[in-house]
Amino acid sequence: MSGVARRTVVAAASGTGLVAVLAACGGGGTDDKDEAAEGETLARTADIPVGGGKILADKGVVITQPKPGEFKAFSSKCTHAGCAVSSIKDGVIVCPCHQSQFDVSDGSVKSGPAGSPLPPTPIQVVGDAISLG
């Protein structure tokens, strides 16, 4: 293993341990992500590309726009191993841990190892504001 790759692996492992410690020391919540309050604006419609989407990691939500004017939202937590999804490309939401891919239109599994779709998150669009709903 090269020095750079070894440092990357060591840094990643250290970061994972830190995340586990911080999550264990959290402020009494049931989850380690910030919760968006119902009605809180998460994004603007112009922020969500058609055929793609935006990952709001701090809120645990992925918002997509499969067709012009149609907005969907899903949990950003992969149903395979619980990793946070990291990108949206070519109509799929991608998990970096094991490369599971989910459809932007309904959260269904396009390729595994995930066996379950991303759970939907209810949203509402009022004007150009997208919020939980």
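1. Some thoughts on the overall build of the chain
Move 1: A count of helical and extended segments in the chain gives one helix and ten strands.
Move 2: Listed by position from the N terminus, the elements making up the chain come as α-β-β-β-β-β-β-β-β-β-β.
Move 3: Taking all 133 residues of the chain together, 30% fall into the buried category.
Move 4: Here the contacts in the chain between residues at least 6 apart in sequence split such that 39% fall between residues at least 24 apart.

2. Things to note about the pattern of salt bridges
Move 1: Counted under the stated rule, the structure contains five salt bridges.
Move 2: In this structure, the salt-bridge partner of Glu40 is Lys59, at a minimum N-O distance of 3.3 Å. A residue pair is termed long-range when its members are at least 10 positions apart, and Glu40 in the loop between helix H1 (3–24) and strand E1 (41–44) and Lys59 in the loop between strand E2 (53–56) and strand E3 (61–67) qualify at 19 residues.
Move 3: With a relative accessible area of 17%, Lys59 lands in the buried category.
Move 4: One salt bridge in this structure joins Lys67 and Glu70, with 3.8 Å as the shortest N-O distance.
Move 5: According to the relative accessible area criterion, Lys67 is exposed, its value standing at 52%.

3. Focus: the nonpolar core
Move 1: Ranked by size, the top nonpolar core spans eleven residues in total: Val62, Phe74, Cys78, Cys83, Val85, Ile93, Cys95, Phe102, Val104, Ala114 and Leu118.
Move 2: Excluding its chain neighbours within four sequence positions, the residues that come into contact with Ala114 are Cys78, Thr79, His80, Ser100, Phe102 and Val109.

4. Quick look at the sheet that holds strand E9 (residues 123–126)
Move 1: The antiparallel open sheet is built from three strands, whose spatial order is E1-E10-E9. Since the sheet does not close on itself, it has two edges, and those belong to E1 and E9, each with one partner. Within this sheet the neighbouring strands show an average axis-to-axis angle of 30°, counted without direction.
Move 2: The pairing of E9 with strand E10 (residues 129–132) spans four bridges and is antiparallel. Residue Ile123 lies in a different strand from E10, and its bridge partner there is Leu132.

5. Here's the deal with the state of the cysteines
Move 1: Considering all chains together, one arrives at one disulfide under this definition.
Move 2: Between the sulfur of Cys83 and that of Cys97 lies a disulfide, 2.0 Å long from S to S. Disulfide Cys83-Cys97: torsion about the S-S bond near -105°, hence left-handed. Of this pair, Cys83 sits in the loop between strand E4 (70–75) and strand E5 (87–89) while Cys97 sits in the loop between strand E6 (92–94) and strand E7 (101–103), and the two are 14 residues apart along the sequence.
Move 3: Classification of Cys97 by relative accessible area gives partly exposed; the value is 38%.

6. Some details on the pairing of E10
Move 1: When E1 meets E10, the two strands line up antiparallel, connected through three bridges. Bridge pairing links Arg44 to Ala129 in E10.
Move 2: What sits between E9 and E10 in their antiparallel hairpin is a turn of two residues, with Gly127 showing a positive phi close to 65°.

7. Details of the pairing of E3
Move 1: With six of seven residues buried, E3 lies mostly within the body of the structure.
Move 2: Where E2 lies against E3, four bridges are found, and the strand directions are antiparallel. Within E3, the residue paired with Lys54 across the bridge is Ile63.
Move 3: In this antiparallel pair of consecutive strands, E2 and E3, the connection spans four residues, and Gly60 shows a positive phi of 70°.
Move 4: Taken together, the five bridges between E3 and E4 define a ladder with antiparallel strand orientation. Pairing of Thr64 across the sheet is with Lys72, part of E4.
Move 5: Taking the residues between adjacent antiparallel strands as the criterion, E3 and E4 are bridged by two residues, where Gly69 takes a positive phi near 80°.

Definitions and cut-offs
- Residues numbered from 1 in each chain as written.
- Predicted model: local features only at pLDDT ≥ 70, side-chain atom pairs only at ≥ 80, totals over all residues.
- Heavy atoms only, no water.
- Helix = DSSP H or I, 4+ residues; strand = E, 2+ residues; numbered from the N terminus.
- Buried < 20%, exposed > 50% of the residue type's maximum accessible area, 1.4 Å probe, protein only.
- Contact = heavy atoms within 4.5 Å.
- Salt bridge = Lys/Arg side-chain N within 4 Å of Asp/Glu carboxyl O.
- Core = buried A, V, L, I, M, F, W, Y, C linked by side-chain atoms within 4.5 Å.
- Pairing = 2+ DSSP bridges.
- Axes fitted to C-alpha atoms, helices over the stretch in contact; angles between N-to-C directions.
- Disulfide = S-S within 2.5 Å.

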